[in-house]
Amino acid sequence: MSDSSKDVTVVHLMRHGEVANPDGVLYGRLPGYHLSELGRQMAERVAEHLAPRDVTHVCASPLERAQETAAPIAKAHGLDVDTDERLIEAENAFQGKTFGVGDGALRNPDNWKHLVNPFRPSWGEPYVDQVVRMMGALNTAKDRARGHEAVLVSHQLPIWIVRSYVERRRLWHDPRKRQCTLASLTTFTYLGDKIVSVGYSEPAIDLVPVHLRAGAKPQKGKGTPQGKAFGA
């Protein structure tokens, strides 16, 4: 009988590719937001990158952009895309609105109540709740792919929050400093049931517009349709 405590399992937590969003809406959990053509190229690029890997399980958030990102990865390994509700985008009070400093939802005083507590945060799903569901999804994937690799497609904020938790950083943070670019991989390596390392890579970085890369300075004004990363 094999000793499962010595199994090495790798779970890649992937952010979806670019979304078609010409109106600059914070789409959150709204249905109907699909990958752009560039987003599909990103998904294909990551599928090529992961093709030689020992991937035995692919799963995604139920939102279209995540499902579409996962599809070419699953196809490359002869797998179906499973769905896990726990991988979904974080709830956000500004969903369906445009959001920016000096424009959109922030001009309406009725929305200011959502900004009173950045530590919880007051505008959406508590960070602690995101940790609980994302850790659950990671552990389920680890068990499904034990001794092999899994790919989970999710969204920027939940990915960053669970990584921050695992790396023992505070959960409240400056959103501009998240290291979680479009189509990036945040990789958790397990020895048995314990996470022993966290890695980060950007297989499609050459396809990501410079202003949407991790650490890029936000653009002022409304910009072009691709000039803002609304929803993640």
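The numbering scheme is per chain: residues are counted from 1 as the chain's sequence reads. For a predicted model such as this one, the threshold for reporting local features is a pLDDT of at least 70, and the threshold for listing and counting side-chain atom pairs is 80 or more; totals across whole chains, interfaces and linings nevertheless cover every residue. With hydrogens and water stripped out, all remaining heavy atoms of the structure feed into the side-chain values.

A. Region of interest: the pairing of strand S6 (residues 149-154). In terms of burial, S6 is largely enclosed, as six of its six residues are buried. Paired strands are those between which DSSP finds at least two bridges. Counting from the N terminus, the helices are DSSP H or I runs at least four residues long and the strands are E runs at least two residues long. With six bridges joining them, strand S1 (residues 8-15) and S6 adopt parallel strand pairing. Of the residues in S6, the one forming a bridge with Val11 is Ala150. Relative accessibility under 20% of the residue-type maximum defines a buried residue, over 50% an exposed one, and the middle range a partly exposed one, all with a 1.4 Å probe and only protein chains included.

B. Structural detail: the packing of helix H3 (residues 127-144) against helix H4 (residues 156-166). The geometry of H3 relative to H4 is characterised by a closest axis approach of 9 Å and an angle of 85 degrees between their N-to-C directions. Classified by the angle their axes make, H3 and H4 are roughly perpendicular. Of H4, the residues touching H3 (which contributes Tyr127, Gln130, Val131, Arg133, Met134, Met135 and Leu138) are Leu157, Pro158, Ile159, Ile161, Val162, Tyr165 and Val166. Put simply, Ala, Val, Leu, Ile, Met, Phe, Trp, Tyr, Cys and Pro go in the nonpolar bin, Asp, Glu, Lys and Arg in the charged bin, and everything else, Gly too, in the polar bin. Here the residues of the contact of H3 with H4 are counted per class, giving twelve nonpolar, one polar and one charged. Axis angles are defined between N-to-C directions and span 0 to 180 degrees, where every axis is a line fitted to C-alpha atoms and, for a helix, only to the segment in contact. Comment on the angle field: the value is read as roughly parallel under 35 degrees, roughly antiparallel over 145, roughly perpendicular from 65 to 115, and oblique elsewhere. Residue contacts follow a heavy-atom distance rule, with two residues in contact if any of their heavy atoms lie within 4.5 Å.

C. View of the pattern of salt bridges. Criterion for a salt bridge: a side-chain nitrogen of Lys or Arg within 4 Å of a carboxyl oxygen of Asp or Glu. Under the definition given, this model contains 15 salt bridges. Salt-bridge contacts for Glu91 lead to Arg29; the nearest nitrogen and oxygen are separated by 3.5 Å. Taken together, the residues Glu91 in the loop between strand S3 (81-83) and strand S4 (99-100) and Arg29 in the loop between S1 and helix H1 (37-50) connect sequence positions 62 residues apart. Here Arg86 makes a salt bridge to Asp84, at a shortest N to O gap of 2.9 Å. Using a relative accessible area of 12% as the deciding quantity, one classes Asp84 as buried. What you see here is one network of salt bridges that share partners, running through Arg29, Glu91, Glu125 and Arg133.

D. Quick look at the environment of Thr189. Within the fold, Thr189 resides in strand S7 (residues 185-191). The class of Thr189 is buried, set by a relative accessible area of 18%. When the C-alpha atoms of Thr189 and His12 are compared, they prove to be 8.6 Å apart, with 177 residues separating the residues in sequence. Those residues in contact with Thr189, other than ones at most four positions away along the chain, are Val8, Thr9, Val10, Lys194, Ile195, Val196 and Ser197.

E. Examining the packing of aromatic side chains more closely. Aromatic pairing here means that ring centres of Phe, Tyr or Trp (its six-membered ring) are within 6.5 Å. Orientation follows from the plane angle: under 30 degrees is stacked, over 60 is edge-to-face, and everything else is tilted. Applying the stated criterion to the full structure yields one aromatic pair. Geometrically, a charge over a ring is one whose NZ (Lys) or CZ (Arg) sits within 6 Å of the ring centre while staying within 35 degrees of the ring normal. The residue whose ring lies beneath Arg170 is Trp172, and the NZ or CZ to ring-centre distance is 3.8 Å.

F. Focus on the packing of H1 against helix H2 (residues 64-76). Following both chains from N to C, one finds H1 and H2 inclined at 30 degrees, their axes separated by 8 Å at the closest point. The angle between H1 and H2 places the two elements in the roughly parallel class. In the packing of H1 onto H2, the handedness of the crossing is right-handed. Of the residues in H2, those touching H1 at Arg40, Ala43, Glu44, Val46, Ala47 and Leu50 are Glu68, Thr69, Pro72, Ile73 and Ala76. A per-class count over the contact of H1 with H2 returns seven nonpolar, one polar and three charged. Helix crossings get a hand from a simple test, with the near helix turned counterclockwise from the far one by less than a right angle marking a left-handed crossing and a clockwise turn marking a right-handed one.

G. Structural view of the nonpolar core. Think of a nonpolar core as a cluster: buried Ala, Val, Leu, Ile, Met, Phe, Trp, Tyr and Cys residues, connected wherever their side-chain atoms sit within 4.5 Å. Core analysis: the biggest nonpolar cluster contains 23 residues, and Val11, Leu13, Leu87, Leu138, Leu152 and Val162 have the highest contact counts within it. Counting only elements with at least two residues in this core, the list comes to S1, H3, S6, H4 and S7. Among the elements that make up this core, the one with the highest residue count is H3 (seven residues). In this structure Leu152 touches Val11, His12, Leu13, Met14, His57, Cys59, Leu87, Ala137, Leu138 and Ala141, once residues within four positions along its chain are discounted.

H. Quick look at the side chain of His173. Note that His173 resides in the loop between H4 and S7. Taking relative accessible area as the criterion, His173 reaches 18% and is therefore assigned buried. Polar side-chain contacts of His173 include one of 2.8 Å to the backbone oxygen of Leu171. Ignoring anything within four residues of it in the chain, the contact list for His173 reads Tyr127, Leu157, Trp160, Ile161 and Arg178. N or O atoms within 3.5 Å of each other form a polar contact, as long as, within protein, one can give a hydrogen and the other can take it, and as long as residues adjacent in sequence are counted only when both atoms are side-chain atoms.

I. Inspection of the confidence of the model for the protein chain at higher detail. pLDDT expresses how confident the predictor is about each individual residue, on a scale running from 0 to 100. When the pLDDT values of the protein chain are averaged, the result is 86; 81% of them are 70 or greater. The low-confidence segment residues 101-106, where pLDDT is below 50, has 14 contacts with residues more than four positions distant or belonging to other chains. Confidence over residues 220-231 falls short of pLDDT 50; this stretch has 25 contacts with residues more than four positions distant or in other chains.

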